[in-house]
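Analysis of the macromolecular model
Here are the chains, one letter per residue:
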Amino acid sequence: MQSWSSCQRYQEVFSINLEHNKPIKVFEAFAGYGGASFGLQKAKIPFEVVGYSEIDKDAIELYEYNFPNINNFGDITSIDECNLPDFDLFTGGFPCQPFSTVGSRMGELDTRGTLFADIIRICEHKQPQYILLENVKGLCVGKHKPTFLKIVSELERIGYDVRYDRLNSKDYGVPQTRERLWIFAYKGKLPEGFVLTPPAIELKYRIKDFLDPELEEELYRTQKQIDRIKELHGIDMFDVEEPLCYDYYNRKLRRDALCMTVTPPEHNVIRIVEPMRDGKERVRKLSTDEHFRLMGFVLNDKFREIKYPPTLGYTKLGRRAGNGWDVNLVATLFKHIFSQL
Ligand SMILES: C[S@@+](CC[C@H](N)C(=O)[O-])C[C@H]1O[C@@H](n2cnc3c(N)ncnc32)[C@H](O)[C@@H]1O
């Protein structure tokens, strides 16, 4: 089987009916590395980004390295909606720390949890035809549910038909368990029978198919570090038949050959366990390319879907990957949405 890293393009041909076949004008809020742009590009949907909003210096550097000459409107809370150009699609994976299990879980009490108010303020004024929002699955359950219902009712109040679902990367081609909440809002009424959830695809890949053939030695843990993990986690031996993900946080080897959710390296919980070599255990961190491949990017000798600026190193790039959108899933979602409109 062709491995992910060696295949260039994997999307099937599909048809979309864009109004007058004009490129979709996009405003990419909370842009990160540009998950919406990469997704649209991967889906081969004609688009033009008329502006983006991002405040993180490293994210801006990575974004501009890949998508130069696009105006950054900066902090969304300071944007005057009257100064924005017109756009058809507003995208935004608004900060998830307030709702995620690894974040503070303070919800709306944490000011980052109120940034959706700026989404509403901008979209109420600009009235784009489409809005695509993303957050962690924790936003729509438990104590955050009232916030989530408020987001939905606010979108409805400003004139949108709203659909949402929780989608998992492993159901769309990438061997990573990454479940995220996706909210799609359409100005006016969605066509009868519109379904937001793309049909799941049988997973053909295991994590080993997403790993680098050659790795830097510094990614490997020393025997002393491995012994420490074994002692702490009560493990006899790290011995596997094929490379598997070890979930450091939950102290378990993923025998399902999936990667646990990719998180920023400061949470530092993903380990790859490789088959023993010369009687020695092999446990390591993910490489930068592996982080991004697991976020849906195609990266191999012939084709590199994302370029890294020379100024950003391992930790900064890993942080952007852990905060990013799975661009394979985004492409699938965009194709599915626009093929119905
Ligand atoms: C979950 S990440 C979004 C990732 C993005 N969708 C991607 O594909 O990489 C949220 C982003 O919002 C940015 N952000 C946080 N507060 C912001 C604000 N007030 N204005 C604009 N961007 C902000 C963060 O720097 C972070 O990159």
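Residues numbered from 1 in each chain as written. Predicted model: local features only at pLDDT ≥ 70, side-chain atom pairs only at ≥ 80, totals over all residues. Heavy atoms only, no water.

**Here we look at the sheet that holds strand S3 (residues 89-93)**
Stated precisely, the cut-off is as follows: Pairing between strands is defined by DSSP: at least two bridges between them are needed. The secondary structure listing takes helices from DSSP runs of H or I that are at least 4 residues long and strands from runs of E that are at least 2 residues long, numbered from the N terminus. To obtain an axis, a line is fitted to C-alpha atoms, over the contacting stretch when the element is a helix, and the angle between two such axes runs from 0 to 180 degrees between their N-to-C directions. For this analysis, residues touch if any pair of their heavy atoms sits within 4.5 Å.
On the basis of which strands lie adjacent, the open sheet formed by 6 strands has the order S2-S1-S3-S4-S6-S5 and mixed pairing. Each edge of the open sheet carries a strand with a single partner, namely strand S2 (47-53) and strand S5 (160-168). With direction set aside, neighbouring strand axes in the sheet form an average angle of 20°. When S3 meets strand S4 (residues 130-136), the two strands line up parallel, connected through 5 bridges. In the sheet register, Gly 93 faces S4, and the bridge partner there is Glu 134. Sheet strands touched by helix H4 (residues 145-157): S4, S5 and strand S6 (179-187). Its angle to S5, the strand with the most contacts, is close to 145°.

**Structural notes on the nonpolar core**
Which entries qualify depends on this criterion: Put simply, buried Ala, Val, Leu, Ile, Met, Phe, Trp, Tyr and Cys residues joined by side-chain atoms within 4.5 Å make one nonpolar core. With a 1.4 Å probe rolled over the protein chains alone, any residue whose accessible area is under 20% of its type maximum counts as buried; one over 50% counts as exposed, and the rest are partly exposed. For the purposes of this description, domain bounds are those given by an automatic or database domain assignment.
In this structure, Tyr 33, Phe 184, Phe 292, Phe 297, Ile 337 and Leu 341 are the most contacted members of the largest nonpolar core, which totals 59 residues. The element contributing the most residues to this core is helix H8 (residues 327-338), with 8 residues. Composition of this core by domain shows at least three residues from each of domain 1 (4-203 + 321-338) and domain 2 (207-305). Residues within four places of Phe 292 in sequence aside, it is in contact with Tyr 33, Leu 62, Phe 297, Leu 299, Ile 306, Tyr 308, Leu 317 and Ala 321. Ranked by size, the runner-up nonpolar core spans 30 residues in total, among them Leu 84, Ile 120, Cys 123 and Val 162.

**Observations regarding the pairing of strand S9 (residues 270-277)**
In this sheet, S9 lies alongside strand S7 (residues 244-247) in antiparallel orientation, the contact comprising 4 bridges. When the bridges of S9 are listed, Leu 244 appears paired with Val 273. With 4 bridges connecting them, S9 and strand S10 (residues 280-284) associate as antiparallel partners. Bridged to Glu 274 within S10 is Arg 282. A loop of 2 residues connects S9 with S10, the two strands running antiparallel in sequence, and Asp 278 in this loop sits at a positive phi of about 50°.

**Comments concerning the pattern of salt bridges**
Quick reminder of the rule: A pairing counts as a salt bridge when a side-chain nitrogen of Lys or Arg comes within 4 Å of a carboxyl oxygen of Asp or Glu.
For the structure on display, the rule yields 25 salt bridges. The shortest N-O distance in the salt bridge between Lys 126 and Asp 86 comes to 2.9 Å. Of this pair, Lys 126 sits in helix H3 (residues 116-126) while Asp 86 sits in the loop between helix H2 (57-66) and S3; the two residues are 40 residues apart in sequence, bridging distant segments of the chain. The buried category is assigned to Lys 126, whose relative accessible area is 14%. Of the charged contacts, one joins Arg 121 and Asp 118 as a salt bridge, the two residues approaching to 2.9 Å between their closest N and O atoms. In this pair, Arg 121 and Asp 118 both sit in helix H3, 3 residues apart, roughly one turn of the helix. Its relative accessible area of 23% is what places Arg 121 among the partly exposed residues. On the accessibility criterion, Asp 118 (11% relative accessible area) is buried. Beyond isolated ion pairs, a larger network of salt bridges with shared partners links Asp 212, Asp 289, Arg 293 and Arg 304.

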